Amino acid sequence: MEPTVKKANYYFPEKEKRKRKSPEWEAFKKNKLGVASLVILIIFCLIAIFAPMLMPYDPLAQDMLNRLAGPSADHWLGVDPNGRDILSRIILGSRTSLIVGFGAVLVSSLIGFGIGMIAGYKGGRLDDIVMRFLDSIMSIPLLLFGVMVVVALNSSMLTLIIAIGIGLVPGCARVARGSTMELKEKEFIKSAISMGASDIRILLTHILPNITGALLVISTLHMTTVIMVEASLSFLGVGIQPPTPTWGNMIQDGFNFVRDQPGIAIYPGIALIIVSVSFNVLGDAIRDAVDPHIKKQRN
Amino acid sequence: MAQNDMNNTLLKVKDLKKHYPIKKGILGGEIGAIKAVDGVSFEVKRGETFSIVGESGCGKTTTGMCLNNLIEPTSGEIYFNDKQVSFRQKKDFQEVRKNMQVIFQDPYSSLNPKHSIQRIISEPLVINKMGTKSEIEDRVQSLIRLVGLDSYHLNRYPHELSGGQKQRVGIARALALNPDLIICDEPVSALDVSIQSQILNLFEELQEKFNLTYIFISHDLSVVEHISDRVAVMYLGKIVEQGTREEIFNDPKHPYTQALLSSVPVAKPKSKNNRTRIVLEGDPPSPQNPPSGCHFHERCPVKIEACKKAYPDMREVNNLHKVACHLVSENLSITTQ
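The written sequence of each chain sets the order in which its residues are numbered from 1. Each chain gets a letter, beginning with A, and each ligand a number, beginning with 1, in the order they are written. Owing to the predicted nature of the model, reporting of local features is limited to residues with pLDDT of at least 70; listing and counting of side-chain atom pairs is limited to 80 or more, with chain, interface and lining totals taken over all residues. With hydrogens and water stripped out, all remaining heavy atoms of the structure feed into the side-chain values.

Engineer: Where do I start with the packing of aromatic side chains in this structure?
Structural biologist: When we look at a pair of aromatic rings, we describe it by the centre distance and by the angle of the planes. Residue and element names in this part refer to chain A. Only rings of Phe, Tyr and Trp enter the pairing, Trp through its six-membered ring, and a pair is recorded when the two centres are within 6.5 Å. The plane angle decides the type: under 30 degrees is stacked, over 60 is edge-to-face, the rest tilted. Throughout the structure, instances matching the rule amount to ten aromatic pairs over all chains. Centroid distance Phe235 to Phe255: 5.6 Å. Interplanar angle 90°. Geometry classified as edge-to-face. Taken together, the positions of Phe235 in helix α9 (residues 199-236) and Phe255 in helix α10 (residues 247-255) put the pair 20 residues apart, joining distant regions of the chain. According to the relative accessible area criterion, Phe235 is partly exposed, its value standing at 29%. Secondary structure follows DSSP: runs of H or I at least 4 residues long count as helices, runs of E at least 2 residues long count as strands, and numbering of each begins at the N terminus. Residue exposure (1.4 Å probe, protein chains only): buried if accessible area is under 20% of the type maximum, exposed if over 50%, otherwise partly exposed.

Below you can see the structure in the form of structure tokens.
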């Protein structure tokens, strides 16, 4: 049955494994703002990881003689009302923001994407029930939800991660559901069904790889939300408790001294803005790369 | 086709129905149904090509998808290899699905864009655990050559192939499980005419090689005339006429079939031997609310009183040809021309 003539494949060696060039990544690389924000975020992650080595002073040590001192050669960003070095505290504070950020996004992604994909794929009554339930969670403002949970339980980092994470589940589920519903009408899904593929196999190998772009966008944008909510909770005094430095409670510390020494509140604020704006820009850049259609409409 | 295969029925469909309920209000009360497929019966013999033709929305694709439960039928009986297929039991229809593969209309959306061709073709083998990794690899290698592609295509991704090549991959995938029956849902309508003929020839070659049976769903009558052994014409969810290719194309009985055939573009428009063009008036009626009697009577150029009252039964013209038309039942001559 098979042709026995061996074909010469000079140009296309059979065993050659070609790596697929991702068109999304190519498009992303052209977006300068997106790349810049990615670089900034990588730098902040490195700062958070190597914080103990980078801190010039112990962020908890109090030097009451220099209390409220302005920026100087010794203390680059000055000293806070309790005599602690602000730069060191900002460096250590980046850990809190990023850990809570990544943790909560991980929680919301795992739960939300799973629920959303199943609801979108199965449809029908299951979809109705699940989505109405998630809508009811969505109706509670995230900050209020965080305050409620933290007050009811405790204000550890884990509680914060879970509370904010659950608050973001509906958003994740909506995106995953919408993308899944759009995809499940495609013929390659029907073809997989007719081959006898199980639902789990279809969801994991056929649907998930084709919606990762949309999921990545919503997760990146959620990072901004989580970091802002965490900072707000700390600012309100219900987040991570002092003396552990977080950008939110540092702003709170400087709040009473804004007139004399505005830097105490402003510097952690600047760090907060850089990180959250970077995540936002990164999210937009990924969206443009994944779905060029949207970009065209906007311009 | 071997003579002894002629009487060997592979698939038998009896009174297949698919009604989509129309729901209204928050309680979802049913206020009616769209009768996409409304009582379709036919038989397909082993090794033949059975075509279903009809205009858009007549239910031909729905019929095809009902056969392997991609769309769950509302009612009806389907016998595959003389065994009734139960659509309520997953184990049952999973077994049938293996022997009944589908080739889809749009090669651009029928291949997963994130999977390599290697992975796409091996997918049915992996799902059904057909052999070890190296056995599957060998099988994929032979499949890709079988459909006229080369092994270097295996490392490519769907967006790197042309439409015709993609459709070949779709065919290789459908062949992977050695199915008895392949449901071709307008497999060439998305392709260029030159590519269409290549793919049709491939279908014929493969049929000879593996004694495949095709159910060929199409609206393109010239393609159907080329490839079919038998043809069924559908109108508004029902088969109005079925018979061998020669009977249907040379001696169409139903006025709808006659109109349909007259719409085929011809090679020499000015030649005097051409069929006269029959122009039907109006649009196909809504399947939600079909006309009384024969569904076609509102547009039929030769209708009689009986057409408004009752839906005509399927009558045999001869043992190769069946038609549902009152004029045939009453032995009136049908000449719309």
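Engineer: I would appreciate a short explanation of the domain arrangement of chain B in the present structure.
Structural biologist: Many analyses report the size of an interface as the accessible area lost when the parts associate. Residue and element names in this part refer to chain B. Taken as a whole, chain B is organised into domain 1 (9-250) and domain 2 (253-337). Should any heavy atoms of two residues lie within 4.5 Å, those residues are counted as being in contact. Contact residues are listed per partner, giving 22 residues for domain 1 and 25 residues for domain 2. Accessible area that two parts lose when put together, with a 1.4 Å probe and added across both, is what the buried area reports. Carbon and sulfur atoms make up 61% of the area that domain 1 and domain 2 hide from each other, which totals about 2200 Å². Ranking the residues of domain 1 by area buried against domain 2 places Tyr235, Leu236 and Glu241 at the top, with a combined share of 29%. By definition, a salt bridge exists where a carboxyl oxygen of Asp or Glu is found within 4 Å of a side-chain nitrogen of Lys or Arg. The tally of links between domain 1 and domain 2 comes to one salt bridge. Here Arg299 ties to Glu55 by a salt bridge, and the two come within 3.7 Å at their closest N and O atoms. Any pair of nitrogen or oxygen atoms within 3.5 Å is treated as a polar contact; in protein, a donor-acceptor pairing is required on top of that, and neighbouring residues in sequence qualify only through side-chain atoms on both sides. Applying the counting criterion to the domain 1 and domain 2 interface returns eleven residue pairs in polar contact (both at pLDDT 80 or more). Of all the secondary-structure elements, those providing two or more residues to the side of domain 1 that touches domain 2 are β2 (29-45), β9 (230-235), β10 (238-244) and α8 (245-250). Either an automatic procedure or a domain database provided the assignment from which the domain bounds are taken.

Engineer: What am I meant to see in the interface of chain A and chain B here?
Structural biologist: Between chain A and chain B, the contact holds 26 residues from the first and 36 residues from the second. Summing both sides of the interface, chain A and chain B together bury roughly 3000 Å²; the carbon and sulfur share of this comes to 50%. Where chain A touches chain B, the interface holds one salt bridge. The salt bridge involving A:Arg201 is made with B:Glu123; its shortest N-O contact spans 3.0 Å. Among the elements of the structure, α8 (187-195) and α9 of chain A are those that each provide at least two residues to the side of chain A that touches chain B.

Engineer: Hey, could you run me through the pattern of salt bridges in this one?
Structural biologist: A pair can form between side chains of opposite charge whenever their charged atoms are brought close. Residue and element names in this part refer to chain A. Counting across every chain of the model gives 15 salt bridges over all chains. Between Asp253 and Arg84 there is a salt bridge; the shortest N-O distance is 3.5 Å. Taken together, the residues Asp253 in helix α10 and Arg84 in the loop between α3 (51-54) and α4 (86-122) connect sequence positions 169 residues apart. What makes Asp253 partly exposed here is its relative accessible area of 24%. Relative accessible area serves as the criterion here: at 7%, Arg84 is assigned to the buried category. A cluster of three or more residues bridged by salt bridges with shared partners is formed by Asp80, Arg84, Arg89 and Asp253.

Engineer: Is there a simple way to explain the layout of surface pockets in this structure?
Structural biologist: Unfilled space is identified by rolling a water-sized probe across the atoms. In the cavity and pocket records, a cavity denotes points on a 1 Å grid over the protein atoms alone where a 1.4 Å probe fits but cannot get out, a pocket denotes an open set with protein on both sides within 12 Å along at least 5 of 7 lines, and lining residues are residues with an atom within 4 Å of a point. Grid points are joined across faces, edges and corners, and a volume is the space filled by probe spheres set on the points. The space that makes up the largest pocket amounts to roughly 1200 Å³. Surrounding the largest pocket, 38 residues form its lining, A:Glu24, A:Asn210, A:Gly213, A:Val290 and B:Lys114 being those nearest its centre. Secondary-structure elements contributing two or more residues to the lining of the largest pocket are α1 (23-29), α7 (157-183), α9 and α11 (263-290) of chain A. Top element by residues in the lining of the largest pocket is α9(A). It accounts for ten residues.

Engineer: Please clarify how the sheet that holds β2(B) should be interpreted in this entry.
Structural biologist: Pairing between the strands of a sheet comes from backbone hydrogen bonds, and it takes one of two forms, parallel or antiparallel. All names here are of chain B. Pairing is antiparallel in the open sheet, where four strands are placed in the order β2-β1-β4-β5. Every other strand in the sheet has two partners, leaving β2 and β5 (83-84) as the edge strands with one partner each. Strands are treated as partners if at least two bridges between them are detected by DSSP. Sheet topology places strand β1 (residues 9-24) next to strand β4 (residues 75-80); five bridges connect them, and they run antiparallel. By the bridge assignment, Lys12 is partnered in β4 with Tyr79. In this fold helix α1 (residues 60-67) packs onto β1, β2 and β4, with an angle of close to 115° to the strand it touches most, β1. Here the axes come from fitting lines to C-alpha atoms, over the contacting stretch only for helices, and the angles between their N-to-C directions go from 0 to 180 degrees.

Engineer: Just to check I follow, could you spell out the packing of α4(A) against helix α5 (residues 124-138) of chain A for this structure?
Structural biologist: Axis angle and axis distance: for two packed helices, these are the angle between their axes and the distance between the axes, and together they describe the pair. Residue and element names in this part refer to chain A. Relative to each other, α4 and α5 sit at 145°, their axes nearing to 7 Å. At the point where α4 passes α5, the crossing takes the left-handed sense. Along its contact with α4, which presents Ile115, Ile118, Ala119, Gly120 and Lys122, the element α5 presents Gly124, Leu126, Asp127, Val130, Met131 and Leu134. In the scheme used here, Gly and all other residues not listed as nonpolar or charged are polar, with Ala, Val, Leu, Ile, Met, Phe, Trp, Tyr, Cys and Pro taken as nonpolar and Asp, Glu, Lys and Arg as charged. A breakdown of the residues in the contact of α4 with α5 according to their chemical character gives seven nonpolar, two polar and two charged. Should the near helix be turned counterclockwise from the far one by less than a right angle, the crossing is left-handed, whereas a clockwise turn marks it as right-handed.

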